[in-house]
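Listed below, chain by chain, are the residues.
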Number of protein chains: 2
Amino acid sequence: MDNSNNYVVIMAGGVGSRFWPMSSENMPKQFLDIMNTGRSLLQQTVDRFEGICPKQNIWVVTSARYADLVARQLPDIPKRNVLLEPCRRNTAPCIAYVSWSIKTVNPNANIVVTPSDAFIGNVTRYREAISQCLKFTSETDSIVTLGIQPDYPATGYGYIEADLSCASPTNNNIYRVDSFREKPELEVALRYIRQSNYYWNAGIFIWNVNTIVNAFRVYQPEMAAFFDEIKPVLGTPREQEVINARYAECQNISVDYAIMERADEIYVYPVDMGWSDLGSWSSLHSRLPQDQHGNATVGANIRLFDSNNCIVHTSGLKQVVVQGLDGYIVAERDGVLLVCKISEEQRIKLFH
Amino acid sequence: MDNSNNYVVIMAGGVGSRFWPMSSENMPKQFLDIMNTGRSLLQQTVDRFEGICPKQNIWVVTSARYADLVARQLPDIPKRNVLLEPCRRNTAPCIAYVSWSIKTVNPNANIVVTPSDAFIGNVTRYREAISQCLKFTSETDSIVTLGIQPDYPATGYGYIEADLSCASPTNNNIYRVDSFREKPELEVALRYIRQSNYYWNAGIFIWNVNTIVNAFRVYQPEMAAFFDEIKPVLGTPREQEVINARYAECQNISVDYAIMERADEIYVYPVDMGWSDLGSWSSLHSRLPQDQHGNATVGANIRLFDSNNCIVHTSGLKQVVVQGLDGYIVAERDGVLLVCKISEEQRIKLFH
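All figures in this text were calculated on a predicted structure; none of them were measured in a lab. (Residues numbered from 1 in each chain as written. Chains lettered and ligands numbered in written order. Predicted model: local features only at pLDDT ≥ 70, side-chain atom pairs only at ≥ 80, totals over all residues. Heavy atoms only, no water.)

Student: An account of the pattern of salt bridges is requested, with residue identities and associated values reported.
Tutor: Residue and element names in this part refer to chain A. If you walk through the whole model with that rule in mind, you get 28 salt bridges over all chains. The partner of glutamate 50 in a salt bridge is lysine 55, with the nearest N and O atoms 3.6 Å apart. Assessed through its relative accessible area of 30%, lysine 55 is described here as partly exposed. Linked by salt bridges that have partners in common, Glu229, Arg246 and Glu249 make up one network. (Salt bridge = Lys/Arg side-chain N within 4 Å of Asp/Glu carboxyl O. Buried < 20%, exposed > 50% of the residue type's maximum accessible area, 1.4 Å probe, protein only.)

This is the structure:
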């Protein structure tokens, strides 16, 4: 099958402060092999599109400070495809920038937008979902999101409310979206789970480049005007200079607020694919292999005694012995050590 | 005062396995600055004799593998004064070896024997005690030990039973020893404490070289014969070769068993000088400055949250954050990390 119109946009600008000291502003989570697979999360994100999208159609949007990391980790991605934000402006400007850029090289591009730092346990289901969605958006002017089958009433994710009575005529795995819901209170999340037509929003979107550009024109006319104005420099030697000078003019807004919650033709493809945003030590702990005492380890020569439900994650240490800990994070990177109760992990940002 | 007959023998052959990973066989405790004073315990041991004993009269007995460490840490000590044991044979052969050696250079030597890795909080009292004992042994054929005023019923130390009714006629701080007692059961230790004439044996002895050599002749005639036999090579280029070949012939026995428990003219100088053998993480913890929550730290940039009664001791880490630990050791050296309950410290040897 011809996949030359398939594009992937990887958003790789996150700073990963919740995983300190494993991740840091100099080395955010997406650039780390946090699961000890031999590939960073960014590299794994690229790997999942093998056969779906040619390497030269993969684009990355990241912070200027991570340009070298991206180039080193993704040597097969053309340098022109790595867009460097001089400042953080949330996902809407980021997506507008890359959409306008891709449109200049392929006005028929069919695009998957994905975070760079998520875990997907069932890659086969993921690839099947992505393939179906790409086919769908190549035939319609629709925006599709992947909807993650929730396995607990999470309060940390946004939810997508699907109208399960209204499947698409061309693909009966794809349903109309009734609404996007922000991170709910626990009671509300419990109701979502019971109703079974609510899915986690994983920030994975599929659309045709014309669909998303038109959506910006309708719902974010100022942002669209900005990128129309600078369009002549995209792909030229002057691009970075102009972006550096003017990108901060863009409104700081997420694509969910800017487009998703306003647009009409939005669909969801529900999928149960062992997804995790790996947004915290506890979520990493739950995705790593565990010993019979619930301990997960990544690192050299780690031994635990009288310990349960711990995650020990080290990169610079030669040997680690842990005795008598229950429910703790022991994490080290570059000579920085954290020992902290998993239940207190939301305070980690305050510690460094 | 002329102190040219005063000698110090520092026994520095211990391997310090209880302080792993801070200490190791390659770097035992005596060579470490474990209290963060700027000087290793060995160097502090030497420093305490400033003005009491000339540097050229300080001798060190250690393992051959630590020769470089001793030379580096004690550059002012003559190389000839560093005796290298090819194997461990406990304290009696070690003391015989150095006593015969010192006798060849000064038959009137007045010697203090001391471990290399103890803590002494009140150095003034220590120096006063040592000075009085040296004077005493220069005038009599007595063996004197320092007796540490016990502050709890320790079961890990040997005790010295003093006859407090029998002070020496020449120094009323010095008493006859009734007996040496091995490490007692707790009940026995409690009785010792109540009786108040029992002192901890810190392994600090003072004697004239002729007194100790004669004691070996009487109570360890084989060992004395051995050193008489090899005496012609002591101080010559052949010494190390002969020691390497034959030192293992010596009986593996402590000086306490070999001499102290058998000899008659034994005295004790009781002293309360804030002594600790620093034999465990908990004893180190109790001697280090503590914050208001009972936490003691040695190392760079260590911060504790919600933690009590911990000792955090790091040397290779740039930053440490500890949250939610009560009564733990967090120790790192050379890329090896230990997290362990202080109450389980006796198991540390099993962990590495």
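Student: Give me the lowdown on the interface of chain A and chain B, citing residues and values where you can.
Tutor: Accessible area lost when the parts come together is the quantity often used to give the size of an interface. Each side of the interface is counted separately: chain A has 28 residues, and chain B has 28 residues. In this structure, the connection of chain A to chain B is made through 2 salt bridges. Close ionic contact of arginine 347 of chain A with aspartate 306 of chain B constitutes a salt bridge, the shortest N to O distance being 2.8 Å. The interface formed by chain A and chain B includes 22 residue pairs in polar contact (both at pLDDT 80 or more). Those elements that provide at least two residues to the side of chain A that touches chain B are β13 (302-305), β15 (319-323), β16 (328-333) and β17 (336-341) of chain A. Considering each element in turn, the side of chain A that touches chain B owes the most residues, 6 residues, to β17 of chain A. Considering only residue class, the side of chain A that touches chain B consists of 15 nonpolar, 5 polar and 8 charged. With 4 bridges connecting them, β15 of chain A and strand β17 (residues 336-341) of chain B associate as parallel partners. Looking at β17 of chain B, one finds that valine 321 of chain A is bridged to leucine 338 of chain B. (Contact = heavy atoms within 4.5 Å. Polar contact = N/O pair within 3.5 Å; in protein donor to acceptor, adjacent residues only side chain to side chain. Helix = DSSP H or I, 4+ residues; strand = E, 2+ residues; numbered from the N terminus. Nonpolar A, V, L, I, M, F, W, Y, C, P; charged D, E, K, R; others polar. Pairing = 2+ DSSP bridges.)

Student: Go over the packing of aromatic side chains, please, and point to the residues and values.
Tutor: Residues and elements named next belong to chain A. Summed over the entire model, instances satisfying the criterion amount to 34 aromatic pairs over all chains. Aromatic pair tyrosine 97 and phenylalanine 227: ring centres 6.0 Å apart, planes at 15°, arrangement stacked. Highlighted residues: tyrosine 97 in helix α3 (residues 91-105) and phenylalanine 227 in helix α7 (residues 221-230), separated in sequence by 130 residues. When the ring centre of tyrosine 126 is taken as reference, the NZ or CZ atom of arginine 48 above it lies at 5.9 Å. (Phe/Tyr/Trp six-rings, centres within 6.5 Å; stacked < 30°, edge-to-face > 60°. Lys NZ or Arg CZ within 6 Å of the ring centre and 35° of its normal.)

Student: Give a description of the sheet that holds strand β16 (residues 328-333) of chain B that names residues and reports values.
Tutor: Spatially, 6 strands are ordered β13(A)-β15(A)-β17(B)-β16(B)-β14(B)-β12(B) in an open sheet, and the strand pairing comes out mixed. Among the strands making up the open sheet, the edge pair consists of β13 of chain A together with β12 (296-298) of chain B. Put simply, the sheet's adjacent strands are angled 5° from each other on average, direction ignored. (Axes fitted to C-alpha atoms, helices over the stretch in contact; angles between N-to-C directions.)

Student: Go over the environment of aspartate 306 of chain A with me, naming the residues and quoting the values.
Tutor: Residues and elements named next belong to chain A. Following the sequence through the fold, aspartate 306 ends up in the loop between β13 and β14 (311-314). For aspartate 306 and aspartate 326, which are 20 residues apart along the polypeptide, the C-alpha to C-alpha distance reads 8.3 Å. There is a polar contact of 2.8 Å between the side chain of aspartate 306 and the side chain of glutamine 323.

Student: With reference to specific residues and values, describe the sheet that holds β17 of chain A.
Tutor: Sheet strands line up and pair through hydrogen bonds in the backbone, either parallel or antiparallel. Strand order in the open sheet made by the 6 strands is β12(A)-β14(A)-β16(A)-β17(A)-β15(B)-β13(B), with mixed pairing throughout. What marks the edges here is a single partner per strand, and that holds for β12 (296-298) of chain A together with β13 (302-305) of chain B. Each strand axis lies, on average, 5° off the axis of its neighbour in the sheet, ignoring direction. Looking at chain direction, β14 of chain A and β16 of chain A are connected through 4 bridges and run parallel. Each bridged residue has a counterpart across the sheet, and for histidine 313 of chain A the counterpart in β16 of chain A is alanine 331 of chain A.

Student: Kindly report on unusual backbone geometry, identifying the contributing residues and their values.
Tutor: The omega torsion across tryptophan 20 of chain A and proline 21 of chain A is 5°, close enough to zero to call that bond cis. Even without a glycine there, the phi angle at aspartate 334 of chain A is positive, about 50°. With respect to the element layout, aspartate 334 of chain A can be found in the loop between β16 and β17. Phi at aspartate 306 of chain B is positive, roughly 50°, even though this residue is not glycine.

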